[in-house]
Amino acid sequence: PSLAKLIIFTFTVSSGGLVAYSDSKAYSGINDAVPSDTGTKKKKVLVLGTGWAGTSFLKNVDSSLYDVQVISPRNYFAFTPLLPSVTCGTVEARSIVEPIRNIIRKKSGDIKYWEAECIKIDAKNKKVHCRSNQDVNSEAKEEFLVDYDYLVIAMGARANTFNTPGVEEHCHFLKEVEDAQNIRRSVIDCFERASLPTLSEEERMRNLHFVVVGGGPTGVEFAAELHDFIREDLVKLYPIIQDQVKITLLEAGDHILNMFDKRITAFAEDKFQRDGIDLKLGSMVVKVTDNTISTKERSGDISSVPYGMVVWSTGIGTRPVVMDFMRQIGQTSRRVLATDEWLRVDGCDNIYALGDCATINQRKVMEDISVIFNKADKDHSGTLTVKEFQDVIDDICERYPQVELYLKNNQMKNLVDLLKDSKGNNEKESIEVDIEGFKSSLSQVDSQMKNLPATAQVAAQQGSYLARCFNRMDECEENPEGPLRFRGMGRHRFHPFRYKHLGQFAPLGGEQTAAQLPGDWVSIGRSSQWLWYSVYASKLVSWRTRVLVISDWTRRFVFGRDSSRI
Ligand code: FAD
């Protein structure tokens, strides 16, 4: 018997392959990359970047299976969550970095590292154009080609200025270790300049005005660090000018830390007010000159204030080399590289992208779900067996965690069980599925779907996921473990990437931190500060950096922060 119309889901690299050439403009006429010098038949894996994603991949990949080569202009891994602490000398820059050669030395296979930046990806010929960081000869930086079988793009992102005039020239960014070191020097410069006897009162006030643009976690943490540095250390050294120091935090939105729980946002805003940090919400920066910063308020008024130093922290943008690659592969309309759930760049064979430079293409969800359903519903009658229906739901849930979450949140996770129960547990029983209704209700999930956040957590998990896939490439070719392929025969080789959120911290200064842990568990205060110390100490990449950071924290407790301008 035909069942009642059912279920409208209201889901609301090898060491070889290297050719040097010195004329940076002359790409035409370059010799082909020479073959691998190892003489092995191992596939070549080329990794671009030594940040969270690239390093996590390198640490986990079985380098005896591949010829692995790494290219990055930075010969170290930097523990970015502690960068704000470097800006005020709470920890030293060298304590949060680990040489990449130390990391790869510990691997069984032979991983090659080249200190260079990728300047062009030639996907058609499976080659990458690189420029060395070093001046090998006096005329130009050495350039070379590297070929690959698999390319792992993990080049991160750059600071986003939204093309605001003057930002590039006059503001500090807080993205790299050098940025943090420059900020540290600049803060001391402002205090030393403001102490000069020749300075007018007006100029003194200007030099002591510190502006932070962006109320996200980085901007908030920096403002809190700076406030602590000034109140705990600098006021003792510059007692005369202490009352003239001002910190302003500019945020274009209605609240700071808007990706956190509302309780954390409210606590942080209150605390900043109590600390005397001037929080200006709804203030959008429209221009920066060498000594003033102009903002547009909600009323439409434009006001300009003098400043001594500005730190710009308003999010991330795409690197030019990634943008150029996106143009080549027809992804011009996108903000970052689009990949599928297996982290493969859309439309490219054997190219993977992870971390801040990529995002999993969520817009395909509707298209994929249509394909999945139509394929299951072979005769297009809108009738499936309970078993087929179960497979479709499993497949959709495996590929789209948001859909699974939606089902769970709406108490529909046991839908198929309910269905079986109502049909006396008969999996072969046919049911009618309102496919069109299902799809139209899914469009609501589609509109609620958010991209994964650009965080170290996501990047590191993607790096280790991809390494595990590479390690089991042959094994899973024979015994695929992934969901059914609805666009082809058999199963996908691997399970798709699933992000596991482990919680997030927002240090607010004065030994107080807000922690938002899975299950929306919120904790704010000194206890969370100790949790923050323990988690970050444990997450540091090596025992060396762990010891250095813990000794920096101890030094700060005992002697305070160092204010020398070196
Ligand atoms: P990155 O770590 O930026 O690495 C990119 C790599 O690519 C670098 O090695 C770079 O040198 C290399 N590269 C760049 N250009 C080229 C090129 N042309 N060719 C080859 N290589 C290239 N996330 C959290 O989860 N928790 C936090 O507390 C946190 N705090 C943060 C604090 C600050 C101040 C900042 C800036 C970020 C913070 N983040 C945090 C975000 C986190 O750092 C990023 O999401 C993470 O670094 C992304 O990793 P990635 O590997 O994609 O990029």
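None of the values given here were measured: they were computed from a predicted structure. (Residues numbered from 1 in each chain as written. Predicted model: local features only at pLDDT ≥ 70, side-chain atom pairs only at ≥ 80, totals over all residues.)

Side note on the site of the ligand
Here is step 1: Within the structure, the ligand sits among 33 residues, and Gly49, Gly51, Gly156, Gly355 and Thr455 are positioned closest to it.
Here is step 2: The residue makeup of the shell around the ligand, split by class, is 17 nonpolar, 11 polar and 5 charged.
Here is step 3: Taken together, domain 1 (18-157 + 318-359) and domain 2 (161-315) each give at least three residues to the shell around the ligand, which thus spans both. (Near = placed C-beta within 6 Å. Nonpolar A, V, L, I, M, F, W, Y, C, P; charged D, E, K, R; others polar. Domains from an automatic or database assignment.)

Focus: the nonpolar core
Here is step 1: Core analysis: the largest hydrophobic core is formed by 120 residues, its most contacted members being Val152 and Ile153.
Here is step 2: When sequence neighbours within four positions are dropped, the list of residues in contact with Ile153 reads Leu48, Leu337, Ile351, Tyr352, Ala353 and Cys357.
Here is step 3: Counting 15 residues, the second-largest nonpolar core is a separate cluster that includes Ile369, Ile372, Ile393 and Ile435. (Core = buried A, V, L, I, M, F, W, Y, C linked by C-beta atoms within 7 Å. Buried ≥ 20, exposed ≤ 12 C-beta atoms within 10 Å, placed from the backbone. Contact = placed C-beta atoms within 7 Å.)

Some thoughts on unusual backbone geometry
Here is step 1: For Lys126, which is not a glycine, the phi torsion comes out positive at approximately 55°.
Here is step 2: Mapped onto the secondary structure, Lys126 falls in the loop between strand E6 (112-122) and strand E7 (127-132).
Here is step 3: In this structure, Asn350 takes a positive phi of about 60° despite not being glycine.
Here is step 4: As for its placement among the helices and strands, Asn350 is situated in the loop between strand E20 (337-339) and strand E21 (351-353).
Here is step 5: On the neighbour-count criterion, Asn350 (15 C-beta atoms within 10 Å) is partly exposed. (Helix = DSSP H or I, 4+ residues; strand = E, 2+ residues; numbered from the N terminus.)

As for the confidence of the model for the chain
Here is step 1: The share of residues in the chain with pLDDT of 70 or more is 85%, and the mean pLDDT across the chain is 86.
Here is step 2: Confidence over residues 1-38 falls short of pLDDT 50; this stretch has 89 contacts with residues more than four positions distant or in other chains.
Here is step 3: Predicted complex, confidence summary: ipTM 0.99, pTM 0.86. (pLDDT = per-residue confidence, 0-100.)

Concerning the sheet that holds strand E27 (residues 521-525)
Here is step 1: Ordered in space as E25-E26-E27, the 3 strands form an open sheet in which the pairing is antiparallel. Two strands lie at the open edges of the sheet, namely strand E25 (504-509) and E27, each paired on one side alone. Each strand axis lies, on average, 10° off the axis of its neighbour in the sheet, ignoring direction.
Here is step 2: Pairing of strand E26 (residues 512-517) with E27 involves 5 bridges; the strand directions are antiparallel. (Pairing = 2+ DSSP bridges. Axes fitted to C-alpha atoms, helices over the stretch in contact; angles between N-to-C directions.)

Focus: the pairing of strand E2 (residues 44-48)
Here is step 1: With 5 of its 5 residues buried, E2 lies for the most part within the structure.
Here is step 2: Alternating residues of E2 divide into Lys44, Leu46 and Leu48 and Val45 and Val47, and every residue in both groups is buried.
Here is step 3: The sheet contact formed by E2 and strand E3 (residues 67-72) spans 5 bridges and is parallel. Within the sheet, the bridge partner assigned to Lys44 lies in E3 and is Asp67.
Here is step 4: Traced from E2 through helix H1 (residues 52-60) to E3, the parallel crossover comes out right-handed.
Here is step 5: Where E2 and strand E9 (residues 150-153) come together, 4 bridges link them in parallel fashion. (Right-handed = clockwise from strand over helix to strand, strands pointing away.)

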